[in-house]
Amino acid sequence: MELGLDGKVALVGGASSGIGLGIATALAAEGVRVALGARRADLVRAEAERLDGAIGVDLDVRDAASTSAAVTEVTDRLGPVDILVLNGGGPPPATALEVTEEMARDAAELLLYGHLRLVAGCLPGMRERGWGRIVAVSSTSIDQPIENLATSGMFRSALAAYLKMLADQLATSGVTVNLLLPGRISTARVDDMDKRAAQAHDITVEEVQFRSQRSIPAGRYGTVQEFASAAAFLCSASAAYITGQRLRVDGGLVRGV
């Protein structure tokens, strides 16, 4: 399928590895001029060299100055941002009983306020041009709570509520807003979570993975490429009538409708 993205400009957060890097790679393959953003600026610049027309930018969503500077750099070097992918690392694992006020503040900066700043920096230009895509990488925890990801679920849910309202207000503007909800996608972060679970329950990592895969109807973890393909489609011209949606890429893990 021709996605109609050739020449568009994208800013992808959390693009130094895993899902963010996968999305950046998929968009670049469609002719998008991609800015890979992350706190590990040296790493994203190195990754950008592998992709046609891509650049790496220093982006720390917890820092307002960094966010503003990143949007300015992308605009100056590539052009106005047409596609904004809201993505980044998550807060440390914690149950609801373990969450403190300080932990909540830190998670809010990482998962909510920083993304609001990026939207504020990129959305006006999208509206002026009558075309734009905002895709947020969220989590199935906003639909089905995950016990040890309490702060993640709290603030990803807040962002999801905001983006749903934003999608409604932008529905006639040519700008779409959607969420992608990964289940168990094979990334370094998921590997780390499996190792933590193995230590907590005094079992092997292989046993953790076996149990996890058994709970997924597809019977396996998803790949970064599979997730990135879904993201690229939501960014495409063909997806112009899809907005305000939560698309799970989870192999059927979440049973609720």
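Because the structure is predicted, anything quoted here is derived from the model rather than measured.

Conventions and cut-offs
- Residues numbered from 1 in each chain as written.
- Predicted model: local features only at pLDDT ≥ 70, side-chain atom pairs only at ≥ 80, totals over all residues.
- Heavy atoms only, no water.
- Pairing = 2+ DSSP bridges.
- Helix = DSSP H or I, 4+ residues; strand = E, 2+ residues; numbered from the N terminus.
- Axes fitted to C-alpha atoms, helices over the stretch in contact; angles between N-to-C directions.
- Expected span 1.5 Å × (residues − 1).
- Buried < 20%, exposed > 50% of the residue type's maximum accessible area, 1.4 Å probe, protein only.
- Phe/Tyr/Trp six-rings, centres within 6.5 Å; stacked < 30°, edge-to-face > 60°.
- Lys NZ or Arg CZ within 6 Å of the ring centre and 35° of its normal.
- Core = buried A, V, L, I, M, F, W, Y, C linked by side-chain atoms within 4.5 Å.
- Contact = heavy atoms within 4.5 Å.
- Parallel < 35°, antiparallel > 145°, perpendicular 65-115°, else oblique.
- Left-handed = near helix turned anticlockwise from the far one by under 90°.
- Nonpolar A, V, L, I, M, F, W, Y, C, P; charged D, E, K, R; others polar.

*Asks:* I'd love a proper account of the sheet that holds strand E3 (residues 55-58), names of residues and values included.
*Replies:* Pairing in this open sheet of seven strands is parallel, and the strands run E3-E2-E1-E4-E5-E6-E7 from one edge to the other. Of all strands in the sheet, those bounded by a partner on one side alone are E3 and strand E7 (246-249). Strand-to-strand twist across the sheet, computed as the mean angle between neighbouring axes with direction ignored, equals 20°. Pairing of strand E1 (residues 9-12) with strand E4 (residues 83-86), which is carried by three bridges, proceeds in the parallel orientation. Within E4, the position partnered with alanine 10 by the bridge is isoleucine 83.

*Asks:* Can you explain helix H1 (residues 18-29)? Please cite residues and give values.
*Replies:* Side chains that are three or four residues apart share a direction in an α-helix, a result of its 3.6 residues per turn. For H1, which comprises 12 residues, the first-to-last C-alpha distance of 17 Å matches the rise-based estimate of 16 Å (1.5 Å per residue) to within 8%. Along H1, the residues that are buried comprise Ile19, Gly20, Leu21, Gly22, Ile23, Ala24, Ala26, Leu27 and Ala28. Just past H1, the residue glycine 31 takes up positive phi, approximately 90°.

*Asks:* Can you explain helix H5 (residues 150-170)? Please cite residues and give values.
*Replies:* Its 21 residues give H5 an end-to-end C-alpha distance of 30 Å, which sits within 8% of 30 Å, the value for a rise of 1.5 Å per residue. Within the sequence span of H5, burial applies to Ala150, Thr151, Ser152, Gly153, Phe155, Arg156, Leu159, Ala160, Leu163, Leu166, Ala167 and Leu170.

*Asks:* Account for the packing of aromatic side chains, naming residues and giving values.
*Replies:* Scanning all chains against the criterion turns up zero aromatic pairs. The side chain of lysine 8 reaches across the aromatic face of tryptophan 131, ending 4.1 Å from its centre.

*Asks:* Residue-level account of unusual backbone geometry, with values.
*Replies:* Residue aspartate 202 is not a glycine yet carries a positive backbone phi of 55°. When you line up the elements, aspartate 202 lands in the loop between helix H6 (188-201) and helix H7 (205-214). The exposure class assigned to aspartate 202 is exposed, which follows from its relative accessible area of 71%.

*Asks:* An account of the nonpolar core is requested, with residue identities and associated values reported.
*Replies:* In a soluble, globular protein the nonpolar side chains are often hidden away together inside. Residues Leu11, Leu84 and Ile134 are the most contacted members of the largest nonpolar core, which totals 39 residues. Among the secondary structure elements, those contributing two or more residues to this core are E1, E3, helix H3 (64-77), E4, helix H4 (101-129), strand E5 (132-137), H5 and strand E6 (175-182). At 11 residues, H4 tops the list of elements feeding residues into this core. Every residue in contact with isoleucine 134, bar those within four places of it in the chain, is listed here: Leu84, Leu86, Val119, Leu123, Met126, Leu166, Thr176, Val177 and Asn178. Grouped together as the second largest cluster of nonpolar side chains are 36 residues, Val32, Leu51, Phe227 and Ala230 included.

*Asks:* With reference to specific residues and values, describe the packing of H4 against H5.
*Replies:* Viewed as axis vectors pointing N to C, H4 and H5 meet at an angle of 20°, and their least axial separation amounts to 8 Å. As judged from the angle between their axes, H4 and H5 are roughly parallel. H4 and H5 meet at a crossing whose hand is right-handed. Here H4 contributes Met103, Ala104, Ala107, Ala108, Leu111, Leu112, His115, Leu116, Val119, Leu123 and Arg127 to the contact with H5, which in turn contributes Thr151, Ser152, Met154, Phe155, Arg156, Ala158, Leu159, Tyr162, Leu166 and Leu170. Among the residues making up the contact of H4 with H5, the classes are represented as 16 nonpolar, three polar and two charged.

*Asks:* How would you summarise the environment of isoleucine 203 if you had to cite specific residues and measurements?
*Replies:* Tracing the sequence through the fold places isoleucine 203 in the loop between H6 and H7. Sequence-distant contacts of isoleucine 203, that is, excluding residues within four places in its chain, are made with Ala198, Val208 and Arg211.

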